[in-house]
Each structure stands twice: as structure tokens, then as C-alpha cells.
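Remarks on the overall topology
Each chain, written out:
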Amino acid sequence: MLNFALIGAGRIGKMHAEIINSNPGSRLKFVYDLNRNFAENIANSLNAIAVDKPEEAINSKETDAVLIASATPTHIEFIKMAANASKPVLCEKPIDLDIDKVNRCREDLKNIKSPIQIGFNRRFDLSHSKAQQARLNKEIGELEMIIISSRDPAAPGLDYLNACGGFFRDTTIHDFDLSRFILGDDPIIQVSAFGENLFDKNVKTVKDFDTAMFILKSASGVLIHINNSRRAVYGYDQRVEVFGSKGMVISNNQTQSSIERYTSSSTSSKELIHFFFIERYQQAYSDQLNSFIDTINANSRPKVTFEDGRRALIIANAAYESYEKKKIVEINYE
Ligand SMILES: NC(=O)c1ccc[n+]([C@@H]2O[C@H](COP(=O)([O-])OP(=O)(O)OC[C@H]3O[C@@H](n4cnc5c(N)ncnc54)[C@H](O)[C@@H]3O)[C@@H](O)[C@H]2O)c1
């Protein structure tokens, strides 16, 4: 049984806390958040201890692993604190918004042996990972195209938008990572990006995009299309199409149940798809934690590494450059 310290008790921290306590291999021991009330709410409901300082949670002899779910600009500080205390880390995406900080962190931690896993949960989704398997085992022949539609039901509030680092680094970063996951050892080498503010006032206030499209290319010539929106009136739209010489696999949206209705006004109408990430990726978040626990217990390499987080951020940065310069950008991972 591994004791966890949770850093960050906001929207996704609360979800992780519940997943930790529902896993037979782990339990929540400490919770820290800048906002003491948030930490206390979670600690009180899950029989854990809210602490006043991150060191109390991370350095405690009773802590076996650390889950970081605080605001993005705080991740590196806590990754370093945990790694220097030899505690395995599962850290939410993105690692940070500043690639120089990420590179310095990589350098600082190069001799650290304890695992650092980054929270690209979509890799653990059963349907998406079956699509990746179909590419690996050549069920679809030679891979030619990947098409990802990824749209949120509604834009987050102004506070989140101000801290998140922009649409490409906050949201599309999942899709860049998912593309990398499907491509395997075939790196993405070019990106062209378009972004618009079409409908959301808060997004406009922070000069961000609510609508975006990307075309990317891998070293072997696979073409990838990603489209994102911060608003889909029908729910959290998550579709992945993997197309090759011998066919195609689609990881499709999932409805809340499999019921279909046939009436005088419609044929085969289905229930709504899941509302947002916590509902849609419930299984993926649980399996992400299972995988992290397995990594710790087997003393093995995490399934999603710090380098995966670094590379996804490099692609996001190249996408911003493409948007700003209105040109296709070559991606350099050095
Ligand atoms: N993998 C996913 O699907 C997914 C989904 C949503 C969010 N995220 C990521 O999770 C992180 C948190 O997102 P959220 O939606 O829960 O945001 P949130 O704003 O709801 O929660 C962030 C929490 O961090 C706390 N915090 C801020 N500064 C802190 C500090 N210095 N020390 C401790 N706590 C601090 C805040 O008080 C807040 O409770 C972000 O990095 C985000 O990108 C990942």
C-alpha cells in the first residue's frame, strides 16, 4: 500500500484524491493546497491530513509517492522537491509553460532515479490505446493519417485562462502527445497552426484562441490533423481516427449509456456524450494511476516520461511560432 501526498486540491486534484483512495494499492495521506480550505475539504472527506507547507507532505517519512495537480506554473517546484526527496512523482500536464525551465529541470534531475510520470491520461484510454495498437501491429497496414477532433463543452473561467498558458500549451498539448503516442518512434517534424477567437469573451480578454486547427507531419510522412474548440454544445467531443493502407480504426465518442431511441420524430437517437474530461476519461485516469503504482512497485520506467512532457511542449511552442509567423515550422527537440 503506497501513501500519497497530493499537491493541489482544485478541480482535478479532487478527482485524483478520490481515485487514489479507491485504488487497492494506494491511499491518500497528505493534502497541500495554497488554499487551505480546498485541502481541508478533500482531507476531511477522505480521511487524510491537510498540511500548511508542501515540505510537510512531500518530505514526510510516511509519504511514498507524490501526485502534483496544482496550477501549471507550480509544477516544476514540486517535481524538484519530490525528486530530491527520492519520491516518485505523477505530475499533471503540462510540466511547465517555459521550455527553458523544463530544460533546466531536466538537467538538475538527470541523476535522479525515482520515476517522474507526466499526466497524459489519454494514453491510458482503452479505445485510444486500441487505436495505437492497431498502428503498432499493422492491422491498418502502413499508417498514413491521424485525425483528432478534441473539443471541450465550455471554456474555463478567467482565472484558469489567465494561468493556463494558452490553448495550445494547455489543451492541444494532449493531442500533440496522443499523436506522438500513436506514431511511436516516428517523430513529428513539422507543424502549421491556425487559431481564432470566434465566440468566447473571456478567451478574448486573455488574447487566446477558442478555435484552432493544426496540420503536422512526421519524419516518415504521416500527416496529422488536429482540431480543437473550447465549446461544443453536445458535450466533450473526443474522436481519433487512425488511417492506413489496409483500413482505418476510429476511437469514437462515448455516450452516457448505450440506449438508442426510435420515435416518430427521429431514428436511432442516442443519449448525450459525456460532459467533460472527468466523466469521459474516468477509466483512463484510474489506469494512469495503476500504471504509476506498477512502475513504483516494479522499479521500472514510467509509461509517460518527463521527456514525453518536454517534447509535447516543444511541439506546442512550435505551433505558436507557426501561428505568429504564418508559416510551417520545423520542430527541433534539442
Ligand atoms: N490531464 C487532464 O485531463 C487535466 C485536466 C484538467 C487540468 N489538468 C491540469 O491540472 C492542473 C490543475 O488544473 P485544475 O483544472 O485542477 O485547476 P484548478 O484551478 O481547479 O486547481 C489548481 C489548484 O492549485 C492550487 N494552487 C495554486 N498555486 C499553488 C501553490 N503554489 N501550491 C499549492 N497549490 C496551489 C490552487 O489553489 C487550486 O486549488 C493544471 O496543470 C492543468 O493543466 C489536467
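Report follows, based on the coordinates. This structure is a prediction, so every number in the text was calculated from the model and none was measured.

1. Examining the sheet that holds strand β9 (residues 211–218)
A sheet is described by the order of its strands in space; here seven strands give the open sequence β12-β11-β7-β10-β9-β8-β15, paired in mixed fashion. Edge strands, defined here as strands with exactly one partner in the open sheet, are β12 (247–251) and β15 (329–330). Relative to strand β10 (residues 223–229), β9 runs antiparallel, the two being bridged by seven bridges. If you follow Met-213 over to β10, its bridge partner there is Asn-227. Along the sheet, helix α6 (residues 126–136) contacts β7 (143–151), β11 (237–244) and β12; its crossing angle with β12, the most-contacted strand, is approximately 160 degrees.

2. So, the packing of aromatic side chains
Here the structure, examined in full by the defined rule, presents eleven aromatic pairs. Judged by centre distance (6.0 Å) and plane angle (90 degrees), the ring pair of Tyr-236 and Tyr-281 falls under edge-to-face. You can see Tyr-236 sitting in the loop between β10 and β11 and its partner Tyr-281 sitting in the loop between α10 (277–280) and α11 (282–298), a full 45 residues away along the chain. Plain terms: the ring middles of Phe-276 and Phe-277 are 4.7 Å apart, the flat faces sit at 65 degrees to each other, and that makes the pair edge-to-face. Among the residues examined, Phe-276 registers a relative accessible area of 15% and is labelled buried.

3. Quick notes on the side chain of Arg-310
Checked against the element boundaries, Arg-310 lands in helix α12 (residues 306–325). Taking the relative accessible area as the measure of exposure, Arg-310 reaches 2% and is therefore buried. Only 2.9 Å separates the side chain of Arg-310 from the side chain of Glu-307, close enough to count as a polar contact. Not counting the four nearest positions on each side in its chain, Arg-310 is found in contact with Ile-95, Ile-99, Val-102, Asn-103, Arg-106, Tyr-333 and Glu-334.

4. Some details on α11
With 17 residues, α11 should reach 24 Å at 1.5 Å per residue; the first-to-last C-alpha distance of 24 Å fits that figure. Along α11, the residues classified as buried are Ala-284, Tyr-285, Gln-288, Leu-289, Ser-291, Phe-292, Ile-293, Thr-295 and Ile-296. Positive backbone phi, at 55 degrees, marks Asn-299, one or two positions downstream of α11.

5. Looking at the nonpolar core
With 97 residues, the main nonpolar core has Phe-4, Leu-28, Val-31, Ile-79, Phe-168, Phe-214 and Leu-216 as its most contacted residues. Per element, the largest residue contribution to this core is nine residues, and it comes from α12. When residues of this core are assigned to domains, at least three map to each of domain 1 (2–114) and domain 2 (123–276 + 311–330).

6. Considering unusual backbone geometry
Residues Lys-93 and Pro-94 are joined by a peptide bond in cis, for which omega reads -20 degrees. At Ser-86, a residue that is not glycine, the phi angle is positive and equals roughly 60 degrees. Locating Ser-86 in the fold gives a position in the loop between α4 (75–84) and β5 (89–92). Assessed through its relative accessible area of 55%, Ser-86 is described here as exposed. Residue Ser-268 is not a glycine yet carries a positive backbone phi of 55 degrees. For Ser-268, the location among the structural elements is in the loop between β13 (260–261) and β14 (269–270).

Cut-offs applied
Residues numbered from 1 in each chain as written. Predicted model: local features only at pLDDT ≥ 70, side-chain atom pairs only at ≥ 80, totals over all residues. Heavy atoms only, no water. Pairing = 2+ DSSP bridges. Helix = DSSP H or I, 4+ residues; strand = E, 2+ residues; numbered from the N terminus. Contact = heavy atoms within 4.5 Å. Axes fitted to C-alpha atoms, helices over the stretch in contact; angles between N-to-C directions. Phe/Tyr/Trp six-rings, centres within 6.5 Å; stacked < 30°, edge-to-face > 60°. Buried < 20%, exposed > 50% of the residue type's maximum accessible area, 1.4 Å probe, protein only. Polar contact = N/O pair within 3.5 Å; in protein donor to acceptor, adjacent residues only side chain to side chain. Expected span 1.5 Å × (residues − 1). Core = buried A, V, L, I, M, F, W, Y, C linked by side-chain atoms within 4.5 Å. Domains from an automatic or database assignment.

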